[in-house]
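Read off the chains here:
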Amino acid sequence: MENISVAIRFRPPIPSSSSSDLPWTVDSNRITLLAFPVPNLSFTFDHVFDRTSTNATIYGLLVRSLIRSALDGFNGTAFAYGQTSSGKTFTMYGSEDDPGIVPLAVQDVFRTARMSADREFLIRVSYMEIYNEEINDLLTLGSQKLPIHESLERGVFVAGLREEIVSSAEQVLELLKLGEANRHFGETNMNARSSRSHTIFRMVIESSAKDVNSFGDVTSADAIRVSVLNLVDLAGSERIAKTGAGGVRLKEGKYINKSLMVLGNVINKLSDNGKQRGHIPYRDSKLTRILQPALGGNAKTSIICTVAPEEVHIEETRGTLHFASRAKRVTNCAQINEVLTDAALLKRQKLEIEELRRKLQGSHSGVLEQVVLKQRNDMHKSELERERLIVELEEERKARESLAHCIREQQKRIDDLTIRTTSDHAARSIQKLGAGGTYDEVNMLHPDEFRTPDLKQMSNVFVARRSNCSKDLDSSPIPENFANIADEDLWMRLNKGCTTDLDMLQTPRIKRRSFSSREISLDQPFQEEAIDRKCERLEIQCSLERQQLETSEEQRMILECECNQLREEKASLLQTLSISKQDIDILRAEKEELVKELNLEKQMMKGLKEEIQLFSLAFSQREGLLTSLYTKSKAIVENLKSFQVTTPELYD
Ligand SMILES: Nc1ncnc2c1ncn2[C@@H]1O[C@H](COP(=O)(O)OP(=O)(O)OP(=O)(O)O)[C@@H](O)[C@H]1O
């Protein structure tokens, strides 16, 4: 990681401007603003160049190392930043007497390249401008609005930009002249020849070691270094009030200010502490997008901030100094950009393709197939299991239904028995009552006259009506113990919520017959005998009925036991059912998982196939490129040889 190098350059004051005491002092690399906005605000930079400094001095101290690094394979960017008319273009391009950074760098690149004993270089140049947020190729007339693309191999690049292979500084300077002619300049109140666009002069420097490993192994000597050197002349920020811009100039000014603002934002963000940094808005302008590697990326960067010394520009100066001090805090991470030579790349790609093929055709595909087969089998098994469970479930459901039916039947039988038992009990009670009372004619009872009350099914409701029994003077009152039967709880217990109409509970019509005292005295022994017989008969009947009642009770108990058993069975069946459901859910989830895995494997296989196709394609493309590169290199070498023969003094 290394910081961006930042220098401040003061342009000489314009002769016409009223010179007064300067509002700042310069002490070595430190600038102190004396009064604005607060007294003694200081900024320290890598270099501060005063009005006497030449472009050559600036180049030597700030840019030369960058150019040397570019020849070693590091990306490099140098740009001039500052308000309009502060001397950016002068710094970058200079004059006849004082050539600027661009021509000096071009000379230096070729000089250094020629001096290199162990590497040979291939240099391409391009020249573009960003005018009103559109990219124009300055080396090709009419080539405007070029798009920015991004790829893994090339990173961010301007599609369709002409790249000229160059072999000498003069050739480049000629191209620069051509570009300058195409560049947008315009007159403003501040500058007679104001740059209305940002220009980027780019050199792509490729180099490889002169001795190639004769064994043909893939070594670092096979690597090609490719670095990009950007020399940027920015348009200057301008205050419309000062430039007096209108119409086209005004529109240009707005685009210029906007893109410089984005540049400022990017620098601000990058200079923030890592945690607070957040999103860097490179994409907000074409300038920052193209310069992205130079701003916090893989490049060495130098910035020359130009300042107009006049007091009237103090605000702009302060702004430039703030930008510069922020930029000073930005760190880049430059590294040598090496790519393998085509031959080495071919070798490596062949190996990779072979590896992939082996993976596909060999054991790997076998394993894959096995996995797929296993998964299919598993899936089939789980399907069968699922079907079996469904059948089982159906059987269980049917069994449960038949059990429930059984329970209902049994319940019905219990209810019938209970009702029967109750009516027997009631009848017996009445008979007992009759036997212990007056001359009730119990033996006159007809079975139909003493019947179980009508029962209407109505859950949880007990209704008892007794509307007219009191009116029937002929009827005996309801026996006391029978009245207990009509008690709500008991009825509920017996009838399980059936309703009854107590009027239906017809007390047998026991007609009272009055005997005269004479009749009683005459027939008494006979009557007593008859009564005894009746009593005996009734007792026998009672004991029979008691037995019957006990038997019914036993039956009821047995049925209740059965009923409980059935309930338990039902509960256990329900439990089994829920377990089966859970099993089915698990199986279903497993099945889905397997299907997902299968799809994933399929995708992987597809991806591998595509990769192989891509590699094959790249392989054939590289083959073609290698051939053309070889032909081109041969031509260049021939050119160089002939050039050396004709102009030997250039290389001295
Ligand atoms: N260091 C310098 N020595 C001599 N002349 C200079 C110097 N710097 C700038 N100038 C002169 O000042 C004028 C404005 O300079 P220049 O055009 O380079 O400014 P600029 O910052 O590029 O302006 P703009 O942003 O408008 O393009 C030019 O005439 C230029 O020759």
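Residues numbered from 1 in each chain as written. Predicted model: local features only at pLDDT ≥ 70, side-chain atom pairs only at ≥ 80, totals over all residues. Heavy atoms only, no water.

If you look the protein up in an unreviewed UniProt entry, it shows as Kinesin-like protein from Ananas comosus. Recorded in UniProt under Sequence similarities (unreviewed entry), the annotation for the protein is "Belongs to the TRAFAC class myosin-kinesin ATPase superfamily. Kinesin family. KIN-7 subfamily." (UniProt positions renumbered as here; feature names shortened; annotations may be inferred.)

**Student:** Quick rundown of the packing of aromatic side chains? Include the residues and the values.
**Tutor:** Summed over the entire model, instances satisfying the criterion amount to four aromatic pairs. Taken together, a centroid distance of 5.1 Å and an interplanar angle of 20 degrees make the contact between phenylalanine 10 and tryptophan 24 stacked. Highlighted residues: phenylalanine 10 in strand E2 (residues 5–10) and tryptophan 24 in strand E3 (residues 24–27), separated in sequence by 14 residues. Accessibility expressed as a relative area gives 7% for phenylalanine 10, which makes it buried. Measuring from centroid to centroid gives 6.3 Å for phenylalanine 43 and phenylalanine 45, while their planes differ by 15 degrees, and the two rings are stacked. Here phenylalanine 43 and phenylalanine 45 have matching classes, each one buried. (Phe/Tyr/Trp six-rings, centres within 6.5 Å; stacked < 30°, edge-to-face > 60°. Helix = DSSP H or I, 4+ residues; strand = E, 2+ residues; numbered from the N terminus. Buried < 20%, exposed > 50% of the residue type's maximum accessible area, 1.4 Å probe, protein only.)

**Student:** Outline the nonpolar core, listing residues and values.
**Tutor:** Among the nonpolar cores identified, the biggest contains 45 residues, and Ile8, Phe45, Tyr81, Leu263 and Leu295 are the most heavily contacted of them. Secondary structure elements with two or more residues in this core: E2, strand E4 (30–33), strand E7 (76–82), strand E8 (119–131), helix H6 (247–271), helix H7 (286–290), strand E17 (300–307) and helix H8 (314–328). Counting residues per element, this core draws most heavily on H6, at seven residues. When sequence neighbours within four positions are dropped, the list of residues in contact with leucine 295 reads Phe79, Leu263, Val266, Ile267, Leu270, Tyr282, Thr288 and Asn332. If you look at the next biggest cluster of nonpolar residues, it comprises 37 residues, including Ala7, Tyr59, Met92 and Phe201. (Core = buried A, V, L, I, M, F, W, Y, C linked by side-chain atoms within 4.5 Å. Contact = heavy atoms within 4.5 Å.)

**Student:** Which residues make up the sheet that holds E3, and what values do they have?
**Tutor:** Spatially, E3-E4-E5 is the arrangement adopted by the three strands of the open sheet, whose pairing is antiparallel. Bordering the open sheet on either side are E3 and strand E5 (41–44), each of which pairs with just one other strand. Geometrically, the sheet is characterised by an average inter-axis angle of 20 degrees between neighbouring strands, direction not taken into account. Here E3 pairs with E4 via four bridges, running antiparallel. Considered in E4, the bridge of aspartate 27 is made with arginine 30. Against the sheet, H8 touches E3, E4 and E5, its axis set at about 45 degrees to E5. (Pairing = 2+ DSSP bridges. Axes fitted to C-alpha atoms, helices over the stretch in contact; angles between N-to-C directions.)

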